[in-house]
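Chain residues, written in single-letter form:
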Amino acid sequence: MSGTEELLRSRGLRVTRPRLAVLEVLADGGHLEVDEITRRVRERLDSVSTQAVYDVLGALSRAGLSRRIEPAGSPARYEARVGDNHHHVVCRGCGEIADVDCAIGSAPCLEPNASHGFEVDEAEVTFWGLCPACQSRRSADR
């Protein structure tokens, strides 16, 4: 039994070929849109529907094995980095996304001054700017 299979079982999920393939794709890194995940899964499995990929991503996210992020004005993206309360920086020019570790270390932003009865387990911070490639293009356009 592979580590990925054990991971799925440890979270109460059945081991299926689509789940294994999606986890492999996410483990390759990045902040991927569903279309890109589906394309990469199809390279591994030949045939899988886009709906099946959405279903797998939903199950993985609920089980804490993937994270869904939704930068404003962008489609949802998924990543495998979970459980550390990291943040993101998004390029306004091309949409590239990079991880940013919590500036203070642990997760101090998980203690809001008023939680309104919610059990807070994540705080989402998104930094916006221009990536180096878009900065270079902007300079060349001037």
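Structure report, in brief. The structure displayed is predicted, hence computed values, not measured ones.

A few words on the packing of helix α2 (residues 17–27) against helix α4 (residues 50–62). Contact pair α2 / α4: the axes reach a minimum separation of 10 Å and the direction vectors enclose 75°. When the axes of α2 and α4 are compared, the pair comes out roughly perpendicular. Contact residues: Pro-18, Arg-19, Val-22, Leu-23 and Leu-26 in α2; Val-53, Val-56, Leu-57, Ala-59 and Leu-60 in α4. Each residue belonging to the contact of α2 with α4 can be placed in one class, and the counts come to nine nonpolar, no polar and one charged.

Sheets are built from strands that pair by backbone hydrogen bonding, the pairs being arranged parallel or antiparallel. Overall, mixed pairing links the three strands, which are arranged β5-β4-β6 in an open sheet. Lying at the two open borders of the sheet, with one neighbouring strand each, are β5 (97–100) and β6 (126–129). Along the sheet, successive strands turn relative to each other by an average axial angle of 25°, direction set aside.

Considering the arrangement of structural elements, one finds Arg-77 in strand β3 (residues 77–79). Classification of Arg-77 by relative accessible area gives buried; the value is 12%. Here the side chain of Arg-77 touches His-31 through a polar contact of 3.2 Å, landing on its backbone oxygen.

Procedures and definitions
- Here the residue numbering is sequential within each chain, running from 1 through the sequence in written order.
- For a predicted model such as this one, the threshold for reporting local features is a pLDDT of at least 70, and the threshold for listing and counting side-chain atom pairs is 80 or more; totals across whole chains, interfaces and linings nevertheless cover every residue.
- Think of the side-chain values as coming from all heavy atoms in the structure, minus any hydrogens and water.
- Only the stretch in contact is used when a helix axis is fitted, and all axes are lines through C-alpha atoms; the angle between N-to-C directions ranges over 0 to 180 degrees.
- A run of DSSP states H or I qualifies as a helix once it reaches four residues; a run of E qualifies as a strand once it reaches two. Both are numbered from the N-terminal end.
- The cut-offs work like this: below 35 degrees is roughly parallel, past 145 is roughly antiparallel, 65 to 115 is roughly perpendicular, and the gaps in between are oblique.
- We call two residues in contact when some of their heavy atoms are within 4.5 Å.
- Each residue gets one label: Ala, Val, Leu, Ile, Met, Phe, Trp, Tyr, Cys and Pro are nonpolar, Asp, Glu, Lys and Arg are charged, and the others, such as Gly, are polar.
- Strand pairing is defined by DSSP finding a minimum of two bridges between the two strands.
- We call a residue buried when its accessible area falls under 20% of the maximum for its residue type, exposed when it is over 50%, and partly exposed in between, using a 1.4 Å probe and counting protein chains only.
- A 3.5 Å cut-off defines polar contacts: any pair of N or O atoms within that distance qualifies, except that in protein one atom must be a possible hydrogen donor and the other a possible acceptor, and neighbouring residues in sequence count only when both atoms are side-chain atoms.

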